[in-house]
Amino acid sequence: MRHHRIYLNAFEMNCVGHQSPGLWTHPDDEAHRYTDIDYWADLACTLERGRFDAVFLADVLGIYDVYQGTRDAAVRDAVQVPVNDPMFVVPVMAQVTKHLGFGVTASVSYEHPYIFARRMSTLDHLTKGRVGWNIVTSYLDSAARNIGLSRQVSHDERYEIAEEFLEVCYKLWEASWEDGAVVRDKDRRTYTDPSKVHDIQHRGTYYTVPGAHLCEPSLQRTPVLFQAGASARGRAFAARHAECVFISSPTIPATRAYVDGLRKEAAKIGRDPNEIRVFSLFTPIVGRTQAEAEQKSLDYARHVSYDGALALYGGWSGVDFSKYAADENLRYVQNDAIHSATEVFTKMDPNRSWTVEQVAKFAGIGGRGPVVVGTPGVIADTMEKWVNEADVDGFNIGYAVTPGTFVDFVDLVVPELQHRGLVWTEYASDTLRGNLFGGSSRLQPHHPGRQYHLHDDATRLHEAT
Ligand SMILES: Cc1cc2nc3c(=O)[nH]c(=O)nc-3n(C[C@H](O)[C@H](O)[C@H](O)COP(=O)(O)O)c2cc1C
């Protein structure tokens, strides 16, 4: 195993039906409390008690309306709609914790870097350096139609936009305010030294941002960068920018293929491939005994919504599964949705074909990642096997029911992992990047965003523009 410890993220979303469509009907599920700030505060305390590195908040703009050509199935079963803005629950969770990190999802397709950079600096200040950004390009036409486009920008061009979006953000976060700019000198009546605040003079294909950042430097400056692209273009983007990568695929061989490809891409462009933390989606159903766990799993399965699962998967893949017979094998379809969503079932594991019904059952609990049912020992064994054989660094722990799945994991599995020396018993740092990578809270020295850092490069930035 490459790393001294397993990294843990809780996978959440500011909505009712995140990755287990239909489970809102289960008596133990409290996802409907997503509008109650106490739900988020209590969850954050549970996760910090379990020494989780972070809670990662997914977010999707638009409604899943591919299945049956309407949004009815998604709306009926609360499949990621209603959905609230993830950013606003971060300060609530930061207030009741000291070390837990917060990954928020935001789409480069529906933000502007000048505005967005301020929002992330604000969160990094309020969380004392514990915020991360899951960079997405989005995948639903239904979102594009609501901002004046007839359909979403093509898949690969979304990543071209994302490249420039990141460049503007790096310049704002790293190259506008020098570390010593804010002096708060009451005698000289100088809060900030104007000579240490610089325009970024960005003129690009998609953005023109000539001015200075609006925020003083936060502890991390650039938030920890997460990404989950898994197609060839998505992986190339991740290899260049991501500090952490989320992946979700159902088997170890498919996951290993992704991870090897990602690390090779990173090495090709001069990054340390082992510097990227890879988190694999994983939904545990835990019992004190195997029988108890299996009973729980059967009980959850009875609450899965078949239509809800196909609405979710239809949104991800862009494929209307109502056009297939339930026992028909899935075929790869090239479109502008999530390429990896269908690749994983049609290409990544050649000796396996999947019918629509199997995909619906699989996606009914835990989305596209594996669901493991068992005792704390069985769960820990599986996690160890994935780390050793799929070369992942940690897991994005999804839930079947919330907060139940997280409480079971923290109460039963974390102590087993700690006993095996696989998960730490105490945090090492107060910032998210410090906990994930050790040492500084700033970008790693050979991360591409670092080249904009003022001390190395103030003159170069000005000469280049
Ligand atoms: C674990 C995981 C979580 C994701 N969460 C989100 C999300 O919250 N919002 C979103 O728009 N896309 C999300 N995605 C999708 C990816 O960010 C990305 O849009 C998709 O994988 C497209 O990449 P690809 O075109 O390279 O396949 C997630 C993917 C994975 C594996």
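Worth saying up front: this structure is predicted, and the values here are computed from it rather than measured. (Residues numbered from 1 in each chain as written. Predicted model: local features only at pLDDT ≥ 70, side-chain atom pairs only at ≥ 80, totals over all residues. Heavy atoms only, no water.)

Draft legend 1. Representation of the pairing of strand β9 (residues 224-227) in the model. Every second residue of β9 is oriented toward a common face, with Val-224 and Phe-226 on one face and Leu-225 and Gln-227 on the other, all of them buried. The pairing of strand β4 (residues 131-136) with β9 spans 4 bridges and is parallel. In the sheet register, Trp-133 faces β9, and the bridge partner there is Leu-225. Relative to strand β10 (residues 244-247), β9 runs parallel, the two being bridged by 2 bridges. Along β10, the bridge assignment pairs Phe-226 with Cys-244. Once you follow β9 into helix α7 (residues 232-241) and on to β10, the crossover reads as right-handed. (Buried < 20%, exposed > 50% of the residue type's maximum accessible area, 1.4 Å probe, protein only. Helix = DSSP H or I, 4+ residues; strand = E, 2+ residues; numbered from the N terminus. Pairing = 2+ DSSP bridges. Right-handed = clockwise from strand over helix to strand, strands pointing away.)

Draft legend 2. Spotlight on the pattern of salt bridges. Under the counting rule described, the total for this entry stands at 28 salt bridges. Of the charged contacts in the structure, one is a salt bridge between Arg-233 and Glu-163, with a shortest N-O distance of 3.4 Å. Of this pair, Arg-233 sits in helix α7 while Glu-163 sits in helix α6 (residues 155-175), and the two are 70 residues apart along the sequence. As a salt-bridge pair, Asp-185 and Arg-188 come within 2.9 Å of each other at their nearest N and O atoms. Judged by its relative accessible area of 57%, Arg-188 falls in the exposed class. One salt-bridge network, held together by shared partners, links Glu-160, Glu-163, Arg-233 and Arg-240. (Salt bridge = Lys/Arg side-chain N within 4 Å of Asp/Glu carboxyl O.)

Draft legend 3. Representation of the pairing of β10 within the structure. Alternating residues of β10 divide into Cys-244 and Phe-246 and Val-245 and Ile-247, and every residue in both groups is buried. Relative to strand β11 (residues 277-286), β10 is paired through 4 bridges, and the arrangement is parallel. Pairing of Val-245 across the sheet is with Val-278, part of β11. In this fold, the crossover linking β10 to β11 by way of helix α8 (residues 252-268) has right-handed handedness.

Draft legend 4. Molecular detail of the environment of Arg-240. With respect to the secondary-structure elements, Arg-240 resides in helix α7. Among the residues examined, Arg-240 registers a relative accessible area of 34% and is labelled partly exposed. Spatially, the C-alpha atom of Arg-240 lies 24 Å from that of Phe-11, the residues being 229 residues apart in sequence. Not counting residues up to four positions away in its chain, the partners in contact with Arg-240 are Glu-163, Ile-269, Arg-271, His-447 and Pro-448. (Contact = heavy atoms within 4.5 Å.)

Draft legend 5. Highlighting the side chain of Asn-435. Within the fold, Asn-435 resides in helix α15 (residues 432-437). Exposure remark for Asn-435: the relative accessible area of 5% places this residue in the buried category. Polar side-chain contacts of Asn-435 include one of 2.7 Å to the backbone nitrogen of Ser-429. (Polar contact = N/O pair within 3.5 Å; in protein donor to acceptor, adjacent residues only side chain to side chain.)

Draft legend 6. Summary view of the environment of Thr-122. In this fold, Thr-122 is placed in helix α4 (residues 113-126). Once the C-alpha coordinates of Thr-122 and Pro-91 are considered, the two residues, 31 residues apart in sequence, prove to be 10.0 Å apart.

Draft legend 7. Inspection of the confidence of the model for the protein chain at higher detail. For the protein chain, per-residue confidence averages 92 on the pLDDT scale, and 93% of positions sit at 70 or higher. Here residues 456-460 is a poorly scored stretch, pLDDT under 50, and it has 4 contacts once near neighbours within four places are set aside; other chains count. Among the scores for the predicted complex, ipTM is 0.96 and pTM is 0.93. (pLDDT = per-residue confidence, 0-100.)

Draft legend 8. Spotlight on the packing of α8 against helix α13 (residues 376-390). The geometry of α8 relative to α13 is characterised by a closest axis approach of 9 Å and an angle of 45° between their N-to-C directions. Judged by the angle between their axes, α8 and α13 are oblique. Read as a crossing pair, α8 and α13 show a hand that is right-handed. In contact with Ile-252, Thr-255, Arg-256 and Val-259 of α8, α13 contributes Lys-385, Trp-386, Asn-388, Glu-389 and Ala-390. Among the residues forming the contact of α8 with α13, the class breakdown is 4 nonpolar, 2 polar and 3 charged. (Axes fitted to C-alpha atoms, helices over the stretch in contact; angles between N-to-C directions. Parallel < 35°, antiparallel > 145°, perpendicular 65-115°, else oblique. Left-handed = near helix turned anticlockwise from the far one by under 90°. Nonpolar A, V, L, I, M, F, W, Y, C, P; charged D, E, K, R; others polar.)

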